Amino acid sequence: MRIAARLLGVSASPTMAVMQEVQELRAQGVDIIDLGPGQPDFDTPELICRAGIAAIEEGFTRYTPAAGTKELRQAVAEKYNRDCGTSFDFSNVVITSGAKHALYNVCMAVFQAGDEVLNPSPYWVTFPEVVKLTRAVPVTVPTMQDESFILSPERVREKLTEKTRGLIVNTPNNPTGAVLPREVVFELAELGRERNLFLLFDETYERFTYGGKIHVSLAEVAEELDDAFAIVGSFSKTYAMTGWRVGYCVGPRFLMQKITEFQSHETGNPCSISQQAALAALEGGVESFESMRREYEKRREYLLQGLETIPGYRCVEPDGTFYAFPEVSASMERMGISGSVDYANFLIQEARVATVPGSAFGLEGHIRLSYATSMKNIEEALERIRTAVA
Ligand code: GLU
């Protein structure tokens, strides 16, 4: 049986692979602490669950329009209008089955063979794979640990060629936790306009910033972008709704129209029940995520202090998301381990702690730890790692 060439170049999501591995080990009775995939340990807030249950009870179980219900699209548009001063309406929004789906839709609509798409590294694992699926080429733009992994517009410029068509930015960044300052977002917007680039911002972690840092959305400069932009967002992290699969893309009308046509063949509509739950989430106001943010902030403090006490670990303070991305190359050297995949395996074997190797995000010598887990798990994981690397 022949597998089509377009899929041969795509590898499995390493974050999902860690999730799978942990499940298998647990099924064998292994006591493992999972700091791997970023999945909130909180339950979906009750108000949101109730809206899902009501949707079923009221028979809201049939097809919806391909782009999602008008109410939910309008509610997402209004969120941006409130937070970023835009004047979007429902026609600027397409609801999708999770943010990955939104990302795929936008990339399929905009990129093609012969294009280069700039992909700042460390990057979230899915970006380069989705770009490859469009037959465009992902081109890495490094961000530097000693610059707190903040994307430098100068370094973006250095990678521009005749073929550069777009730039994918993730702020707050998974895995580094870097939150792009306002001036950088504005500079990138200017560069995009000047060089005719399509800017795609993944803002999945928009609500999770710490230490007074503020997320700046691309929507704030949307009017100046000559329609060459899209923003991808998710309900998964903000409202602890990973399994419900609801995300969205926001952008110019003609692009959303094209994506709607594509989606009408691709998936039909996103789940009707999940859409009703997502609408309740947006109507629920800040309290539905602010209590989770406060809890993440405490865990982050604790994890960062703990990492400082592990020999050979060095961690830039992550201002957002719920990940820490320490450099562990000194520890790797001490243990005689040469790659982050082997190091993550060593942590599974010897410490019984699951992490994601830095190489999955395009940077060796690091591991990613998720603190979307209980304080007790974080305490225990730190203790186990400390003992294993001693
Ligand atoms: N986005 C999360 C992560 O980076 C969940 C897994 C995934 O979607 O890749 O761990």
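Residues numbered from 1 in each chain as written. Predicted model: local features only at pLDDT ≥ 70, side-chain atom pairs only at ≥ 80, totals over all residues. Heavy atoms only, no water.

Engineer: Help me out: how do you make sense of the site of the ligand in this one?
Structural biologist: Neighbouring the ligand are Ser13, Thr15, Met16, Pro37, Gly38, Lys100, Trp124, Asn174, Tyr205, Lys237, Tyr323 and Arg368. At 3.1 Å, a side-chain N or O of Lys100 approaches an oxygen atom of the ligand. The side chain of Trp124 places a nitrogen or oxygen atom 3.1 Å from an oxygen atom of the ligand. Burial of the ligand by the protein chains amounts to 91% of its free accessible area of 280 Å². Of the pockets mapped on this structure, the ligand occupies the largest pocket. Taken together, the residues that form the shell around the ligand break down as five nonpolar, four polar and three charged. (Near = heavy atom within 4 Å. Polar contact = N/O pair within 3.5 Å; in protein donor to acceptor, adjacent residues only side chain to side chain. Areas by Shrake-Rupley, 256 points an atom, 1.4 Å probe, with all protein chains shown as cover. 1 Å grid on protein atoms, 1.4 Å probe; cavity = no way out; pocket = protein on both sides within 12 Å on 5 of 7 lines; lining within 4 Å. Sits in = over half its atoms within 2 Å of the grid points. Nonpolar A, V, L, I, M, F, W, Y, C, P; charged D, E, K, R; others polar.)

Engineer: Looking at this structure, I do not really get unusual backbone geometry. What am I missing?
Structural biologist: Outside of glycine, negative phi angles account for most residues, and trans bonds account for most peptide bonds. Cis geometry is adopted by the peptide bond preceding Pro122, which originates at Ser121 and carries an omega value of -5 degrees. Counting through the fold element by element, Pro122 comes out in the loop between strand S3 (116-121) and helix H6 (126-133). The amide bond that connects Asn174 to the next residue, Pro175, takes the cis arrangement and shows omega of 25 degrees. One non-glycine residue, Ala240, lies in the positive phi region at around 50 degrees. Note on placement: Ala240 falls in the loop between strand S7 (229-234) and strand S8 (247-250). Although it is not a glycine, Thr321 sits at a positive phi angle of roughly 65 degrees. Mapped onto the elements of the fold, Thr321 is located in the loop between helix H11 (287-308) and strand S9 (323-324). (Helix = DSSP H or I, 4+ residues; strand = E, 2+ residues; numbered from the N terminus.)

Engineer: Looking at this structure, I do not really get the sheet that holds strand S12 (residues 367-370). What am I missing?
Structural biologist: In a beta sheet, neighbouring strands are held together by backbone hydrogen bonds and run either parallel or antiparallel to one another. The sheet built from three strands is open, its strands ordered S9-S12-S11 with antiparallel pairing. What marks the edges here is a single partner per strand, and that holds for S9 and strand S11 (356-357). Sheet topology note: the S9/S12 ladder contains two bridges and is antiparallel. Looking at the pairing, Tyr323 lines up with Ser370 of S12. (Pairing = 2+ DSSP bridges.)

Engineer: Got a minute to help me understand the pattern of salt bridges in this structure?
Structural biologist: For the coordinates displayed, the defined rule picks out 26 salt bridges. As a salt-bridge pair, Asp83 and Lys79 come within 3.7 Å of each other at their nearest N and O atoms. One end of the pair, Asp83, and the other, Lys79, are both in helix H4 (residues 70-84), four residues apart, so they sit about a helical turn from each other. By relative accessible area, which is 38% here, Asp83 ends up partly exposed. Lys79 gets classed as buried once you look at its relative accessible area, which sits at 4%. Across the pair Asp319 and Lys213 runs a salt bridge whose closest N-O atoms are separated by 3.8 Å. With Asp319 in the loop between H11 and S9 and Lys213 in the loop between strand S6 (198-202) and S7, the pair connects residues that are 106 residues apart, well separated along the chain. (Salt bridge = Lys/Arg side-chain N within 4 Å of Asp/Glu carboxyl O. Buried < 20%, exposed > 50% of the residue type's maximum accessible area, 1.4 Å probe, protein only.)

Engineer: Explain the layout of surface pockets to me, please; I cannot follow it from the model alone.
Structural biologist: Rolled over the atoms, a probe with the dimensions of a water molecule shows which regions are left empty. Estimates place the volume of the largest pocket at around 420 Å³. Among the elements that take part in the lining of the largest pocket, helix H2 (residues 14-27) stands out by supplying three residues, more than any other. Residue composition of the lining of the largest pocket, grouped by class: seven nonpolar, 10 polar and five charged. (Points joined across faces, edges and corners; volume = space filled by probe spheres on them.)

Engineer: I'm lost on the side chain of Gln263 in this one. Help?
Structural biologist: Position of Gln263 among the secondary structure elements: in helix H9 (residues 253-266). Looking at Gln263, the relative accessible area reads 0%, which means it is buried. Setting aside residues no more than four positions away along its own chain, Gln263 makes contact with Ala66, Ala67, Val94, Ile95, Thr96, His101, Asn105, Gly268 and Pro270. (Contact = heavy atoms within 4.5 Å.)

Engineer: Is there a simple way to explain the sheet that holds S6 in this structure?
Structural biologist: The strand order S2-S8-S7-S6-S5-S3-S4 describes an open sheet built from seven strands, whose pairing is mixed. Each edge of the open sheet is held by one strand with a lone partner, namely strand S2 (93-96) and strand S4 (137-142). Each strand axis lies, on average, 20 degrees off the axis of its neighbour in the sheet, ignoring direction. Where S6 lies against S7, four bridges are found, and the strand directions are parallel. Across the sheet, residue Leu200 finds its bridge partner in S7, namely Ala230. (Axes fitted to C-alpha atoms, helices over the stretch in contact; angles between N-to-C directions.)

Engineer: What exactly am I supposed to notice about a nonpolar patch on the surface here?
Structural biologist: On the surface, Met1, Ile3, Leu7 and Leu8 cluster together into a nonpolar patch covering about 510 Å² of accessible area. In this fold, Ile3 is placed in the segment before helix H1 (5-8). Overall, the relative accessible area of 43% leaves Ile3 in the partly exposed class. (Patch = residues over 30% accessible without salt bridge, like charges linked within 9 Å, V, L, I, M, F, W, Y side chains within 5 Å.)

None of this, on its own, says anything about what the molecule does.
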